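# Close look at the chain arrangement
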Amino acid sequence: MYGIGSEPRPVSRTSTRVLRFLAFSMVVGWVVFIALWIHAEPPPGAPSPDELARAYESALNNRQPDGVVTLLGGPVEGSDEVAKYLVGQPHDGRWHVSVVVLDGDTFLAVNDDRGLTAHLPTTNVDGHWQVNPLVSPR
């Protein structure tokens, strides 16, 4: 009998090995899950400039900052705040977005019903087109 003052209870080597194996398997499984999750996330932007224009117009008109964030690229930090600012601008009409090519560069022309126009430069990163929210002087 194992009680006070007697010899220690023998440890089962089999159960220790099984627990170590299960712990190791759970860690490996978690790492694989995270890697697949990151790999499955679509890259930001759109496959073509026309699709980028449609998605950007839809996000602006529906006032969806989350939709704009997925389209932003370029040297801007804090895309969430930039998207909230762009979507939150006071505007009564609808936004119209089209693709414009000037001197070989592709821009999104953002127009409203009052005649305001802004040209937003786009970039192509690994086959996905992204909009740079900094207005071009063109």
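This text goes with the structure placed above it.
The paragraphs below set out a description of the structure included in this document. All values derive from a computational prediction rather than experimental measurement. (Residues numbered from 1 in each chain as written. Predicted model: local features only at pLDDT ≥ 70, side-chain atom pairs only at ≥ 80, totals over all residues. Heavy atoms only, no water.)

### Re the overall build of the chain
When helices and strands are counted, the chain shows four helices and four strands. Reading the helices (α) and strands (β) of the chain from amino to carboxyl end gives α-α-α-α-β-β-β-β. Expressed as a percentage of the 138 residues in the chain, the buried residues total 26%. Taking all contacts inside the chain whose residues are at least 6 apart in sequence as the whole, residues at least 24 apart take part in 46%. Carbon and sulfur atoms make up 60% of the accessible area of the chain, which amounts to about 9,900 Å² in all. (Helix = DSSP H or I, 4+ residues; strand = E, 2+ residues; numbered from the N terminus. Buried < 20%, exposed > 50% of the residue type's maximum accessible area, 1.4 Å probe, protein only. Contact = heavy atoms within 4.5 Å. Areas by Shrake-Rupley, 256 points an atom, 1.4 Å probe, with all protein chains shown as cover.)

### Section: the packing of aromatic side chains
Throughout the structure, instances matching the rule amount to two aromatic pairs. Taking 5.7 Å as the distance between ring centres and 35 degrees as the angle between the ring planes, the aromatic pair formed by tryptophan 30 and phenylalanine 33 counts as tilted. With tryptophan 30 and phenylalanine 33 both in helix α1 (residues 13-40) and three residues apart, the pair spans about one turn of that helix. Residue phenylalanine 33 is classed as partly exposed on the basis of its relative accessible area, which comes to 46%. Both rings, one in phenylalanine 33 and one in tryptophan 37, keep their centres 6.5 Å apart while their planes meet at 10 degrees; by these two values the pair is stacked. Taken together, the residues phenylalanine 33 and tryptophan 37, both in helix α1 and four residues apart, mark about one turn of the helix. (Phe/Tyr/Trp six-rings, centres within 6.5 Å; stacked < 30°, edge-to-face > 60°.)

### A closer look at the sheet that holds strand β3 (residues 117-125)
Strand order across the open sheet formed by four strands is β1-β2-β3-β4, with antiparallel pairing between neighbours. Because the sheet does not close on itself, it has two edges, and the strands there are β1 (96-102) and β4 (128-131). Along the sheet, successive strands turn relative to each other by an average axial angle of 35 degrees, direction set aside. Together, β1, β2 (105-111), β3 and β4 form the strand contacts of helix α2 (residues 49-61), whose direction differs from that of β1 by roughly 145 degrees. (Pairing = 2+ DSSP bridges. Axes fitted to C-alpha atoms, helices over the stretch in contact; angles between N-to-C directions.)

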